[in-house]
Amino acid sequence: MTIKLYAFPRSSCTRRVAVVCKELNVPYEIDLVDLAKGEQKSEAHLARQPFGVVPVMEDNGFQLFESRAIARYLVAKYGKGSGLAPDPTDIEATAKFEQAASIENNNFDITGGQLAFELLLKPSRGMKPDEARVKELLVTMNSKLDAYDKILSKQKYLAGDTLTIADLFHLPWLYGLTEQAKLDLIPSRPNVMRWYQEIGARPSWQAVKDGA
Ligand SMILES: N[C@@H](CCC(=O)N[C@@H](CS)C(=O)NCC(=O)O)C(=O)O
């Protein structure tokens, strides 16, 4: 059951899916969609992903896009008993998981992506970051991480005391912003630090952090 990812190995969204594949021991092959060449906007890729972005997953003829939806699918299909998402019949655990996933999507990903655009993508294209914008984004990110620190002072992971994919979803930006862009976002927040050190050290992430 090797799945296919139409993807770009270094992209954050591709690595978000790849880390889950590694957690579940689901083998994948990459059908390269080269973002550097604009292939994501080709007719062939737009037929798979109408928004012209990666990744798209194909599993035995079944196609799906959106990295987080793909991760949920993989856990549902190949990760029964992995604990990476709660059993859907456990309504309260599922609600806490959805809360955690929503926190990542709404309080972390948006600002994280914009910071990564300024501090990683622009320099890689020979452009200078907009310093005023970075300052503004850092105020937002710092206040969000203060809230993370409070949550993580009461529980081990974002959805409770069990690791879920909602935690893993953070890895591409956390790694990019702290270890590649060298932002000082973590050391002053002991609970975020403990959490990131643990999830960032997982063999699944170490295997794909620099390219799926
Ligand atoms: N919400 C989508 C976002 C997909 C996305 O923005 N992918 C980026 C790479 S991380 C991309 O393909 N960018 C190329 C472009 O915007 O043209 C997901 O999670 O899959």
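Residues numbered from 1 in each chain as written. Predicted model: local features only at pLDDT ≥ 70, side-chain atom pairs only at ≥ 80, totals over all residues. Heavy atoms only, no water.

1. Remarks on the site of the ligand
The full set close to the ligand counts 14 residues, and Cys-13, Gln-40, Val-54, Glu-66 and Ser-67 are the nearest of them. In the model, an oxygen atom of the ligand is placed 2.8 Å from a nitrogen or oxygen of the Gln-40 side chain. Expressed as a share of its isolated accessible area of 510 Å², the protein-covered part of the ligand is 71%. Cavity membership is defined here by more than half of the atoms lying within 2 Å of grid points; on that basis the ligand lies in the largest pocket. When contributions to the shell around the ligand are tallied by element, the ones reaching two or more residues are α1 (12-24) and α3 (67-78). (Near = heavy atom within 4 Å. Polar contact = N/O pair within 3.5 Å; in protein donor to acceptor, adjacent residues only side chain to side chain. Areas by Shrake-Rupley, 256 points an atom, 1.4 Å probe, with all protein chains shown as cover. 1 Å grid on protein atoms, 1.4 Å probe; cavity = no way out; pocket = protein on both sides within 12 Å on 5 of 7 lines; lining within 4 Å. Sits in = over half its atoms within 2 Å of the grid points. Helix = DSSP H or I, 4+ residues; strand = E, 2+ residues; numbered from the N terminus.)

2. Thoughts on the UniProt feature "domain: GST N-terminal" (unreviewed entry) in the chain
UniProt feature "domain: GST N-terminal" (unreviewed entry): in the numbering of this structure it lies at residues 1-82. Helix makes up 38% of residues 1-82 and strand 22%, whereas the separation of the span's terminal C-alpha atoms amounts to 18 Å. (UniProt positions renumbered as here; feature names shortened; annotations may be inferred.)

3. So, the packing of aromatic side chains
A complete count under the given rule lists 5 aromatic pairs for this structure. Both rings, one in Phe-51 and one in Phe-65, keep their centres 6.3 Å apart while their planes meet at 70°; by these two values the pair is edge-to-face. Of the two residues, Phe-51 sits in the loop between α2 (43-48) and β3 (56-59) while Phe-65 sits in strand β4 (residues 62-65), which places them 14 residues apart along the sequence. For Phe-51, a relative accessible area of 59% puts it in the exposed group. The partly exposed category is assigned to Phe-65, whose relative accessible area is 26%. (Phe/Tyr/Trp six-rings, centres within 6.5 Å; stacked < 30°, edge-to-face > 60°. Buried < 20%, exposed > 50% of the residue type's maximum accessible area, 1.4 Å probe, protein only.)

4. Some points on α3
A rise of 1.5 Å per residue sets the reference length of α3, with its 12 residues, at 16 Å; its end C-alpha atoms lie 16 Å apart and thus fit the reference within 8%. When α3 is considered as a whole, its buried residues turn out to be Ser-67, Arg-68, Ile-70, Ala-71, Tyr-73, Leu-74 and Val-75. Looking at the packing, one finds that the buried side of α3 touches β1 (3-7), α1, β3, β4, α4 (91-124) and α6 (165-168). (Expected span 1.5 Å × (residues − 1). Contact = heavy atoms within 4.5 Å.)

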